[in-house]
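Observations on chain architecture
If you want the building blocks of each chain, they are given just below.
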Amino acid sequence: MDFIPFSKIIGQDKAIGFLKQAMALGKLPHAYLFTGIPGIGKTTTALALAQAINCAEAKEGEGCGECVSCRQWAGGNFPDLQVIEPDGQFIKIEQVRGIDREMGFKPLSGRCRVVIIRSAERMTMEAANAFLKTLEEPPPGNILILNASEPLDLLPTIVSRCQNVGFRPIPASLAAPWLEEKTQMGRDKASLLARIAEGSLGKALEMWEEGILEKRAEYITTLMSLKAISEIEAVEMALRLTGKEKGQDQEKDGDILPLLNVWKTWYRDLLVVKGEGPPESLINGDLYSELKKAAQGFRIDQLVSSLLLIDQGERDFRRSRNLDLMMENLLLGLRGFMGETGGGGDRENH
Ligand SMILES: [Zn+2]
């Protein structure tokens, strides 16, 4: 796992300031809950905190990089770090029992064991209930750091036993230069990608690797074609997009969130065009003439409702992971907001 110190983490000054203050006061809680969308530095920050806590000579909350513990970090062999991730779709009760067993031993380094639980909202109910006991009385010398997108996705009894630290999406002004440096893509592309990814560096990198910028036009054409097809065809389209169509055996879960992100940027841009906002605030500004044309087919309330539907679809997908149902509902919903602007001409024949 790459190690990045606090000073190199971008866009999370507030959260990091809060953590450093707790360290300086010697008031670290036994459990933190880091919340925010994926890919904005929650795990990276948790790792930096773990290093700083264990550093023998931390300076202003930063690990010194030279003591025994920091050298172990740099070499990737610090003994008192445990990172738990979903095993398949879920974090299972055996994994929680594993944490309990581990925490029963004193930290090998003699300082502090840090257990990071990524995607904590993906605990099974059984695991979450077992974990509540872990949270109740963790042995001294252990800090638990839970990461989750939204506190609402966790049991309230878990949330109330942790100190909550919110992480924010990274502003495009910080994310774009970072992406540019990391990938050597030009500034225009980096800026477009940062905004499509809604401030998630992790998502932006994934999208870059998957060639989302190249697929963007296709995603938008697919969306706009909904208007001209029947409900049954829309359902078929949903299955095709999720890879569940007959004859296809490959699931395409990984493509869906980028697709939804692109659609959201499209609707946001349509709202800007419809409201005669400044063209420079458009995300897909390079598709200005297409936007202008498409905007004529919508009323503002239809655009707003469509955006809300996509947001809901994303949440449903994260929570239930029932991709087919989510996509069917979403496409039928979006289709319902197309083609009836009251301007005539575009109405379907019933
Ligand atoms: Zn150190």
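The rules we used
- Residues numbered from 1 in each chain as written.
- Predicted model: local features only at pLDDT ≥ 70, side-chain atom pairs only at ≥ 80, totals over all residues.
- Helix = DSSP H or I, 4+ residues; strand = E, 2+ residues; numbered from the N terminus.
- Buried ≥ 20, exposed ≤ 12 C-beta atoms within 10 Å, placed from the backbone.
- Contact = placed C-beta atoms within 7 Å.
- pLDDT = per-residue confidence, 0-100.
- Pairing = 2+ DSSP bridges.
- Axes fitted to C-alpha atoms, helices over the stretch in contact; angles between N-to-C directions.
- Parallel < 35°, antiparallel > 145°, perpendicular 65-115°, else oblique.
- Left-handed = near helix turned anticlockwise from the far one by under 90°.
- Nonpolar A, V, L, I, M, F, W, Y, C, P; charged D, E, K, R; others polar.

Our next topic: the overall build of the protein. Within the protein, the regular secondary structure consists of 15 helices and 5 strands. Projecting the C-alpha coordinates of the protein onto the three principal axes gives extents of approximately 75 × 45 × 35 Å. For the protein, with 350 residues in total, the buried portion stands at 35%. In the protein, 72% of the contacts between residues at least 6 apart in sequence involve partners at least 24 apart.

It is worth spelling out unusual backbone geometry at this point. Its identity as a non-glycine residue notwithstanding, Ser119 has a phi of 45°, on the positive side. Tracing the sequence through the fold places Ser119 in the loop between strand E3 (113–117) and helix H5 (125–136). Backbone geometry places Glu198, a non-glycine residue, at a positive phi of 55°. Turning to its location among the elements, Glu198 is positioned in the loop between helix H8 (187–196) and helix H9 (201–209).

Within the protein, residue pLDDT values average 90, and 93% of them lie at 70 or more. Across the protein, the secondary-structure element scoring lowest on mean pLDDT is helix H3 (residues 68–74), at 89, and the one scoring highest is strand E1 (residues 31–35), at 98.

Quick look at the sheet that holds E3 now. Strands pair in a sheet through their backbones, by hydrogen bonds, and they do so in one of two ways: parallel or antiparallel. Read across the open sheet, the 5 strands follow the order E2-E3-E4-E1-E5; overall the sheet is parallel. Pairing within the sheet leaves two strands with one partner each, and these edge strands are strand E2 (81–84) and strand E5 (163–166). Ignoring which end each strand starts from, the neighbouring axes of this sheet average 20° apart. In this sheet, strand E4 (residues 142–148) lies alongside E3 in parallel orientation, the contact comprising 5 bridges. The residue of E4 that forms the bridge with Val114 is Ile143. Packed on one face of the sheet, helix H4 (residues 93–103) meets E2, E3 and E4 and runs near 170° to E2.

Our next topic: the pairing of E1. Burial runs high along E1: 4 of the 5 residues are buried. Of the pairings in the sheet, the one linking E1 to E4 comprises 5 bridges and is parallel in character. Residue pairing across strands places Tyr32 opposite Ile145, the latter belonging to E4.

For the rest of this paragraph, the subject is the packing of helix H7 (residues 172–183) against H9. Close contact between H7 and H9 brings their axes to 11 Å; oriented N to C, the two are set at 45°. Taken together, the axis directions place H7 and H9 in an arrangement best described as oblique. Considering the relative orientation of H7 and H9, their crossing is right-handed. Contact residues: Ala175, Trp178, Leu179 and Thr183 in H7; Leu201, Ala204 and Trp208 in H9. Residues of the contact of H7 with H9, tallied by class, amount to 6 nonpolar, 1 polar and no charged.

Looking now at the environment of Ala15. Here Ala15 shows up in helix H1 (residues 13–24). Sequence separation of Ala15 and Asn164 is 149 residues, and the distance between their C-alpha atoms is 10.0 Å. Aside from chain neighbours lying at most four places away, what touches Ala15 is Thr45, Val165, Gly166 and Phe167.

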